[in-house]
Amino acid sequence: MRIGILSSVLLAAATTAAAADLTSPSGAFALTVDVDGAGTPVYSLTYKGKPVVTGSHLGLTADEMDFGKGFRIEGTETRSVDETWQPVWGEYANIRDHYNELAVNLKGGTPERVMTLRFRLSDDGLGFRYELPRQDNANYLTVRDEATEFNFSGDHTMWCIPGDYDTDEYLFSETTFSDLEKALGSYRRHSEAQRTGGTTIQTPMLMKTADGMYINLHEAALVGYAAMLLDVDTKKHSMRSHLVPDCHGVKAYIQLPFNTPWRTMIVSDDARDILASQMVLNLNEPCKIEDTSWIKPMKFVGVWWEMFTGTQKTWAYSDDYRAKPGVTDYSKLPSNGRHPANTENVKKYIDFAAAHGIDGVLVEGWNEGWEDWCSYRKNRQFLFDKPYPDFDLEHLRDYAKSKGVKMIMHHETAANAVDYERQLERAFTFMKENNYDAVKTGYVGAIIPRSEHHTSQWMVDHANYVIDRAADYKIMIDSHEAPRPTGLCRTYPNWLAQESARGGEFESMGGNPPSHTCILPFTRLKGGPMDYTPGLFETRLSTYGEGKTGQAMTTLARQLALYLTMPSPMQMACDLPENYERFADAFKFIEDVPVDWKDSRYLEAEPARYITVARQDKHSDDWYLGAITDETPRMATVSLDFLPKGEKFVATVYEDAPGADWKENPQAYRIREVKVNSKSKLKLNLASGGGAAVKIKKVN
Ligand code: NOJ
Ligand code: CA
């Protein structure tokens, strides 16, 4: 859906052989583009007169042709666009896309090559891409390297995760250029994943300059190309693109004409602007799905956390590791008795969802193949239309329907993407036949084909193919271990959420410090919503049974706040129904909180420290507010001046009680009601690792 309610496009063309300049609509940003003595394109960017990127080279190398030197500027074109569009779901009902654009047309070399560099400068920052038209001497390119440089002006603070071709499930380091090597050196290499080593990092990453400028670096619209990592020169304070290769060292096989993904920098001297920016979405293509009425934001519970706790529960039905999906007669295998994806247990979740107005129930471990799912020597792991004998799919389908609850499908592929493509049509048909409209996909382990990586071109193509086919079947997707998002949910709004970062599951595997959810919105979330799986009420792992120790670094009230600070149209309530029954008054907030918004206001923010955000429900006049902090307790003082003047509201505050603390007293929360209006100020008590959530309901 894309309805421009205001659209003005000004066109001006100028042919020049000289350097080209562009400013953003307000004039805050200024860009210069030129070619150097070797004919290599160079760009630089300033924000309010201060350098963001100093003279940095651009170029691409392919086996067939070099697009890195020998160019002259043939001409430039500029235009201005100001339009507003309506996403199917999101943080805002209306998104303004207002930018000035510069296209620099380059020519040169023998044989002659042509390339356009397109720059879009908004008041949020810069996006640019390489556009490669069909060449006189080449229709196809084998891209070996993209040499996009980002030279920065100082030893900035940075928040980043190590370069890895296969996973982004890392904690962020808070470091500087100078200390980066040390910071990354402490990371353990993921078992089956490919770490780049050295000082390569992933995007989205964030920097802060000594004088308080914030810079988010990422990419938009990753289609038909490999994901971009960044090689960091810690002495020169510079970065250079590092595309994820295939086993031949090739980064992308492209057919001309071709546009690369946008390289993006969101920049501001106010941290809240980084969170509010919709620039990455704006740089993506409009929605490709004509009828979007079937795309429905949702909350869900699921047979999931049981497998992460100390209760020894398994996704697998049996303990026989020789069992083969499609070959073994599972009805003849004994159950291991620790398989929660069974009919009776699933009904409990359905009953719970129905009683509490939760839209869906996810069930993991329902299908054949989990006995040996982590094996490296796998060929086929799963069948996506074969339930285990103790999961009565038809009965559960009808039962869920009778209760008004949607079942959510689970397709763990164990990274056998080839086999998933073979089964895809059958799997999606099976879903629709059985009343499933949404699927959580997963790619745990090493990719098949073995030569590929989770973020190489092949897997980027795979993920985009799956989302496109899913749209044909009217299926919504929540993908785990897929290439990190780059705003493609604008084009495919059936891509409700992705994991693609270290999520809540790690609370059972070493934990996520509270700063983690204070940095994710500044980094990973700039690409799109995350299925973080909030809602953990019982944080002490030992209470679940034997086998696990440790504790999630969060208070209960903070878990409520995450529904606001980690916005997603597909939001899980991850804990067990019995834990929610124990804290039914707090669970009321999860029942009430929407997952789709008319408006959002970032009220307080500092990366990895704290975030306070207010959002207006898309379908009512009610507002919701969430505030989180790191391990430092704080009092969030927020003015409610975003409320309409003269209207009355009642705020229900869920906050850490005095004495609450993630470690010693995580379940100490208090709930209070206050009458408020646009002149009110709220003080919210946030404990160490804590948070607060507020429902602000309009009253007559
Ligand atoms: C990893 C996913 O992130 C997690 O949510 C899921 O439960 C497991 N894979 C099993 O598919
Ligand atoms: Ca995962």
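Below: a short report on this structure. (Residues numbered from 1 in each chain as written. Chains lettered and ligands numbered in written order. Predicted model: local features only at pLDDT ≥ 70, side-chain atom pairs only at ≥ 80, totals over all residues. Heavy atoms only, no water.)

Remarks on the overall build of the protein
Scanning the protein from terminus to terminus reveals eleven helices and 38 strands. Summarising its shape, the C-alpha atoms of the protein cover approximately 75 × 65 × 50 Å along the three principal directions. Taking all 700 residues of the protein together, the buried fraction comes to 64%. Taking all contacts inside the protein whose residues are at least 6 apart in sequence as the whole, residues at least 24 apart take part in 72%. In the structure as shown, the protein presents an accessible area of about 25100 Å², 48% of it carried by carbon and sulfur atoms. (Helix = DSSP H or I, 4+ residues; strand = E, 2+ residues; numbered from the N terminus. Buried < 20%, exposed > 50% of the residue type's maximum accessible area, 1.4 Å probe, protein only. Contact = heavy atoms within 4.5 Å. Areas by Shrake-Rupley, 256 points an atom, 1.4 Å probe, with all protein chains shown as cover.)

Observations regarding the site of ligand 1
Around ligand 1 there are 14 residues in total, and Glu-364, Glu-412, Lys-440, His-480 and Glu-505 lie nearest to it. Within the side chain of Glu-499, a nitrogen or oxygen atom sits 3.0 Å from an oxygen atom of ligand 1. Look at ligand 1: alone it shows 290 Å² of surface, and the protein chains cover 95% of it. Across the shell around ligand 1, the residue classes break down as six nonpolar, two polar and six charged. (Near = heavy atom within 4 Å. Polar contact = N/O pair within 3.5 Å; in protein donor to acceptor, adjacent residues only side chain to side chain. Nonpolar A, V, L, I, M, F, W, Y, C, P; charged D, E, K, R; others polar.)

Topic: the coordination of the calcium ion (ligand 2)
Binding of the calcium ion (ligand 2) to the protein goes through Glu-169 (OE), Glu-481 (OE), Glu-499 (OE), Glu-499 (OE) and Glu-505 (OE), at separations of 2.2 to 2.9 Å. Considering all six donor atoms around the calcium ion (ligand 2), the spread of angles at the metal, 51 to 164 degrees, places the coordination shape in the irregular class. Here the donor residues of the calcium ion (ligand 2) are spaced in sequence according to E-x311-E-x17-E-x5-E. Linking Glu-481 in the loop between strand 28 (476-479) and strand 29 (495-498) with Glu-505 in the loop between strand 29 and helix 8 (514-519), this pair joins segments that are 24 residues apart in sequence. Both residues of the pair, Glu-481 and Glu-505, belong to the buried class. (Donors = N, O, S within 2.8 Å, 3.2 Å for Na, K, Ca; no water. Tetrahedral: all angles 85-135°; square planar, octahedral: opposite > 155°, others 65-115°.)

Regarding the packing of helix 9 (residues 556-565) against helix 11 (residues 584-592)
Packing of helix 9 against helix 11 brings their axes to within 10 Å, and their N-to-C directions diverge by 5 degrees. Taken together, the axes of helix 9 and helix 11 lie roughly parallel to each other. Residue-level inspection shows Leu-556, Leu-560, Tyr-563 and Leu-564 of helix 9 in contact with helix 11, the latter providing Ala-586, Phe-589 and Ile-590. When grouped by side-chain class, the residues that make up the contact of helix 9 with helix 11 number seven nonpolar, no polar and no charged. (Axes fitted to C-alpha atoms, helices over the stretch in contact; angles between N-to-C directions. Parallel < 35°, antiparallel > 145°, perpendicular 65-115°, else oblique.)

Focus on the pattern of salt bridges
In total, this model carries 45 salt bridges according to the counting rule given. Among the salt bridges present, the one from Asp-621 reaches Lys-698, with a minimum N-O distance of 3.4 Å. Taken together, the positions of Asp-621 in the loop between strand 32 (610-617) and strand 33 (623-629) and Lys-698 in strand 38 (residues 691-699) put the pair 77 residues apart, joining distant regions of the chain. What makes Asp-621 partly exposed here is its relative accessible area of 38%. The structure contains a network of salt bridges with shared partners spanning Arg-79, Glu-101, Arg-118, Arg-120, Arg-129 and Glu-131. (Salt bridge = Lys/Arg side-chain N within 4 Å of Asp/Glu carboxyl O.)

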